[in-house]
Amino acid sequence: MEVFWLEQSLADVSSDDLWLSDSERLRCSSLRVPKRRADWRLGRWTAKHAVASRLNLPNNSATLATIEIRPDASGAPEVFSNDRPARVCISISHCAGIAACAVGPAGAAVGCDLESIEAREPSFIADYFTVGEQEMISRAGKSERDTLTTLLWSAKESALKALRTGLRLDTRCVAGKISDDASLTANIWLPLSVCCPGDKVLQGWWRCSGELVRTIVTVPSSGPPVVKD
């Protein structure tokens, strides 16, 4: 299975709303907090461009306006093209003025996440990480601890998105794992796994670049994401 990955920044987003559908324009106008509105527009802009690339559609405003991202009953994004379900599945994440969208084929499940690398309080780790994850973090060197903690948290977020539960599920019900000898500074996609309830294991990928961690989890499993420009 092939999965596309596209990132965009706030600077990439068109200042007009011609690329939004009528209902999306109404939704956008209802968002009164500037940061919330900017993040929402960035996420939609990124998702529409990623879907257009996947479906080999032009990325002009008229075409993008026919691609609509709607929440399903669980809150997960669903894609419609010309008011009909599109043959894709997506996941969207944004952080620090950057948005990412992962696009897979219809019938699959995908979850992606972007996280800024930052220190986490010991109480946060104790409350939201499994015992095994806490032990993994404690074994990490001081210089790598924040990156590893952020990576494991991001893997949880991606897995819960793929499961379509989001953070409604206890984050200790899922446990991320990477190779013991993986370099946390390697700017390449490396494999990860997430153990889920019912002894289910989801497969995915992660990459650290700059101050951001990127993770993706798919069902069924896929190769590394195909990064689109």
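What comes next is a walk through the structure. Not measured: the values here are computed from a predicted model.

Regarding helix α5 (residues 131-139)
Link 1 in the chain: Listing the buried residues of α5 in full gives Glu133, Met136 and Ile137. Looking straight down α5, one finds its buried side chains confined to an arc of 95°; they lie on one side. Pointing more than 90 degrees away from the buried face of α5 are the exposed residues Val131 and Arg139.

A word on the sheet that holds strand β4 (residues 84-85)
Link 1 in the chain: Taking strand neighbours across the sheet as the criterion, the three strands line up as β2-β3-β4 in an open arrangement whose pairing is antiparallel. Of all the strands in the sheet, the pair left with one neighbour each is β2 (67-71) and β4.
Link 2 in the chain: Sheet analysis places strand β3 (residues 77-81) next to β4, joined by two bridges and oriented antiparallel. The residue bridging serine 81 from the neighbouring strand is arginine 84, located in β4.
Link 3 in the chain: Of the strands in this sheet, β2 and β3 touch helix α2 (residues 34-54), which is tilted by about 120° from β2.

Comments concerning the packing of α5 against helix α6 (residues 142-162)
Link 1 in the chain: Closest axis-to-axis distance for the α5/α6 pair is 8 Å, and the angle between their directions is 155°. Judged by the inter-axis angle, α5 sits roughly antiparallel to α6. Of the two possible hands of crossing, α5 and α6 adopt the one that is right-handed. When α5 is examined against α6, the residues Glu133, Met136, Ile137 and Ser138 are found in contact with a partner set consisting of Arg145, Leu148, Thr149, Leu152 and Lys156.
Link 2 in the chain: Of the residues assigned to the contact of α5 with α6, the class counts are four nonpolar, two polar and three charged.

Looking at α2
Link 1 in the chain: Under the 1.5 Å per step criterion, the end-to-end length of α2 is 30 Å for 21 residues, consistent within 8% with the ideal 30 Å.
Link 2 in the chain: Of the residues flanking the end of α2, it is asparagine 56, one or two places downstream, whose phi is positive at about 55°.

Section: the sheet that holds strand β8 (residues 175-178)
Link 1 in the chain: Read from one edge of the open sheet, five strands run β7-β11-β10-β9-β8, paired in antiparallel fashion. For this open sheet the edge positions go to β7 (109-116) and β8, each flanked by a neighbour on one side alone. Across the sheet, the mean angle separating the axes of adjacent strands is 25° when strand polarity is ignored.
Link 2 in the chain: The pairing of strand β10 (residues 200-209) with strand β11 (residues 212-219) spans seven bridges and is antiparallel. In the sheet register, tryptophan 205 faces β11, and the bridge partner there is isoleucine 216.

Quick notes on the rules
Residues numbered from 1 in each chain as written. Predicted model: local features only at pLDDT ≥ 70, side-chain atom pairs only at ≥ 80, totals over all residues. Heavy atoms only, no water. Buried < 20%, exposed > 50% of the residue type's maximum accessible area, 1.4 Å probe, protein only. Helix = DSSP H or I, 4+ residues; strand = E, 2+ residues; numbered from the N terminus. Arc of directions from axis to C-beta. Pairing = 2+ DSSP bridges. Contact = heavy atoms within 4.5 Å. Axes fitted to C-alpha atoms, helices over the stretch in contact; angles between N-to-C directions. Parallel < 35°, antiparallel > 145°, perpendicular 65-115°, else oblique. Left-handed = near helix turned anticlockwise from the far one by under 90°. Nonpolar A, V, L, I, M, F, W, Y, C, P; charged D, E, K, R; others polar. Expected span 1.5 Å × (residues − 1).

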